[in-house]
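Spelled out, the chains give:
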Amino acid sequence: MSNNSEHCCLSCGVDISNKRIDAKYCSGRCRMRYCRSRKKDQLIEELVELFRQLPNHSVQFTDKGFYLEEWDVINRTTQKWYLSELKSMSNQQLNGLIEGKKWRLAGENLANLLFNRS
Ligand SMILES: [Zn+2]
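Residues numbered from 1 in each chain as written. Predicted model: local features only at pLDDT ≥ 70, side-chain atom pairs only at ≥ 80, totals over all residues. Heavy atoms only, no water.

A count of helical and extended segments in the protein chain gives three helices and three strands. Mapped from its N terminus to its C terminus, the protein chain presents α and β elements in the order α-β-β-β-α-α. Against the globule reference of 13 Å for 118 residues, the protein chain gives a C-alpha radius of gyration of 20 Å, more extended than a compact globule. Expressed as a percentage of the 118 residues in the protein chain, the buried residues total 26%. Put simply, of all contacts in the protein chain between residues at least 6 apart along the chain, 32% involve residues at least 24 apart. When the accessible surface of the protein chain is totalled, it reaches about 8,900 Å², and 50% of it is carbon and sulfur. Positive and negative side-chain charges in the protein chain, numbering 19 and 14 respectively, have mean positions lying 5 Å apart. (Helix = DSSP H or I, 4+ residues; strand = E, 2+ residues; numbered from the N terminus. Rg over C-alpha atoms; globule rule 2.2 N^0.38 Å. Buried < 20%, exposed > 50% of the residue type's maximum accessible area, 1.4 Å probe, protein only. Contact = heavy atoms within 4.5 Å. Areas by Shrake-Rupley, 256 points an atom, 1.4 Å probe, with all protein chains shown as cover. Lys, Arg positive; Asp, Glu negative; His and termini not counted. Charge placed at Lys NZ, Arg CZ, Asp CG, Glu CD.)

Here we come to the nonpolar core. Core analysis: the biggest nonpolar cluster contains 17 residues, and Leu47, Leu68, Leu86 and Leu94 have the highest contact counts within it. Top element by residues in this core is helix H1 (residues 28–53). It accounts for six residues. Ignoring any residue separated from it by four or fewer positions in sequence, one finds leucine 68 in contact with Leu47, Val48, Phe51, Ser58, Val59, Gln79, Lys80, Trp81 and Leu86. (Core = buried A, V, L, I, M, F, W, Y, C linked by side-chain atoms within 4.5 Å.)

Another point: the sheet that holds strand S3 (residues 77–82). Read across the sheet, three strands follow the order S1-S2-S3 without closing on themselves; strand pairing throughout is antiparallel. In the strand order of this sheet, the two ends are held by strand S1 (57–62) and S3, each with one partner. The mean angle between the axes of side-by-side strands here comes to 30°, regardless of whether they run parallel or antiparallel. Pairing between strand S2 (residues 65–72) and S3: six bridges, direction antiparallel. Counterpart to aspartate 72 in the pairing with S3 is threonine 77. In the packing of H1 onto the sheet, the strands contacted are S1, S2 and S3, and the crossing angle to S2 comes to about 45°. (Pairing = 2+ DSSP bridges. Axes fitted to C-alpha atoms, helices over the stretch in contact; angles between N-to-C directions.)

Around a metal, the idealised angle for a tetrahedral arrangement of four donor atoms is 109.5 degrees; for an octahedral arrangement of six donor atoms it is 90 or 180 degrees. On the protein side, the zinc ion has Cys9 (SG), Cys12 (SG), Cys26 (SG) and Cys30 (SG) as donor atoms, found 2.3 Å from it. Coordination geometry of the zinc ion: the four donor atoms subtend angles of 103 to 118° at the metal centre, consistent with an arrangement described as tetrahedral. Sequence spacing of the donors to the zinc ion: C-x2-C-x13-C-x3-C. Judged by relative accessible area, cysteine 9 falls into the buried class, the value being 3%. For cysteine 12, a relative accessible area of 42% corresponds to the partly exposed category. (Donors = N, O, S within 2.8 Å, 3.2 Å for Na, K, Ca; no water. Tetrahedral: all angles 85-135°; square planar, octahedral: opposite > 155°, others 65-115°.)

Written out as structure tokens, the structure reads:
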């Protein structure tokens, strides 16, 4: 029910008032780009959640945002992923990272179950 005269492409913000009233994008390309970036946000959220749950992983907040940190117990090094880095990764790369962390979490949960750690 919006009588908003501003009718812009959700992706690039170009005026699309000449398009159908329910149009959201100026082009198929913009629709795809928008969906991909939404998907990316979801993937990053998923990754943040995994870093919250995994031991030796954490989410660190700075005044510029946050980064994900992993403490490598064996090599005694920390690895950091800044938000800008995560955003510049492809969705496929993010998925790969998520899969790896999911396996780690599954392994942790299994170890907790077997050895009754908590
Ligand atoms: Zn557009």
